[in-house]
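Chain by chain, the residues run as shown.
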Amino acid sequence: AIVTNANIEDLSRYRAVIASGVQELTEEQAGALRRFVDEGGVLYASGTTSLNRSASPEPRYLLEDVLGVRHCGRFPHRVNYLDLEDDAILEALYPQLYVTVSTPMERAELLPGGKCLATVRPTFVDPDAGRMIGQTYASVHSNPPATETTDSPALVINQFGKGSCVWSAAAFEAGDHWSSRALL
């Protein structure tokens, strides 16, 4: 079913809710999702879900306690990778070591209690650099991963109340590669 204002107070009918990049949540809607997870539901939230851009002094997630992450900005490049750290995910995606994400990724800080399953790994060279002269690497065929990862979580699972939440730094579920589908 699709969750709207008409049925958001009745989330207990569902085992799981997928919130893919839902930016414009009100405090009341965020509260309904918080209660859903607290009472045993599972929430999958990606990217900017619950991001309050007008929060002071800087944007923050309305559901950061549920998500297990604090918003810290956005990665500047349009191509990044999920650097997989969880053995079960690595096994499910074998032989993939990374999942390519071709949408913007949010930068976050892991909060206490959250478990990081993957971190953000940028490309070796920014694919939007505009020129290849003076670059260390150039290829018309690929955007290889950088040699080092960041410490920014890309995929987090967080226990909240009786339920749990999985947060992703990007809406990888919108990708058309088999690894995106398998990860979801």
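Refer to the preceding data block for the structure.
The rules we used
Residues numbered from 1 in each chain as written. Predicted model: local features only at pLDDT ≥ 70, side-chain atom pairs only at ≥ 80, totals over all residues. Heavy atoms only, no water. Pairing = 2+ DSSP bridges. Helix = DSSP H or I, 4+ residues; strand = E, 2+ residues; numbered from the N terminus. Axes fitted to C-alpha atoms, helices over the stretch in contact; angles between N-to-C directions. Contact = heavy atoms within 4.5 Å. Phe/Tyr/Trp six-rings, centres within 6.5 Å; stacked < 30°, edge-to-face > 60°. Buried < 20%, exposed > 50% of the residue type's maximum accessible area, 1.4 Å probe, protein only. Lys NZ or Arg CZ within 6 Å of the ring centre and 35° of its normal.

A. Structural view of the sheet that holds strand β11 (residues 163-168). Pairing in this open sheet of 7 strands is mixed, and the strands run β1-β2-β11-β10-β9-β6-β7 from one edge to the other. The sheet is open, and its two borders are formed by β1 (16-20) and β7 (98-101), each paired with just one other strand. Between one strand axis and the next, the sheet turns through 20° on average, direction left out of account. On top of the sheet, helix α1 (residues 27-38) reaches β1, β2 (42-46), β10 (153-160) and β11; it is set at about 135° to β2, its chief contact.

B. Region of interest: the packing of aromatic side chains. Under the definition given, this model contains 3 aromatic pairs. Aromatic pair Y44 and F172: ring centres 6.0 Å apart, planes at 80°, arrangement edge-to-face. On the criterion of sequence distance, the pair formed by Y44 in strand β2 and F172 in the loop between β11 and α4 (178-183) is long-range, its members being 128 residues apart. Looking at Y44, the relative accessible area reads 8%, which means it is buried. Geometrically, the ring pair formed by Y61 and W167 is edge-to-face, given 6.1 Å between the ring centres and 65° between the ring planes. Linking Y61 in strand β4 (residues 60-61) with W167 in strand β11, this pair joins segments that are 106 residues apart in sequence. By relative accessible area, Y61 is classed as buried at 0%. Positioned above the aromatic ring of F75 is the side chain of R107, whose terminal nitrogen or guanidinium carbon lies 3.9 Å from the ring centre.

C. View of the pairing of strand β9 (residues 115-122). Counting buried residues in β9 gives 6 out of 8 residues, a clear majority hidden from the surface. Pairing between strand β6 (residues 80-84) and β9: 5 bridges, direction antiparallel. Looking at the pairing, Y81 lines up with R121 of β9. One ladder, built from 4 bridges, connects β9 with β10; its direction is antiparallel. Counted as the bridge partner of A118 is L155 from β10.

D. Broad picture of the pairing of β10. Most of β10 is tucked away: 6 of the 8 residues are buried. Bridge count between β10 and β11: 6 bridges; the pairing is antiparallel. Paired with F160 across the two strands is G163, which belongs to β11. Hairpin connection between β10 and β11: a loop of 2 residues separates the two successive antiparallel strands, and G161 in this loop has a positive phi of roughly 60°.

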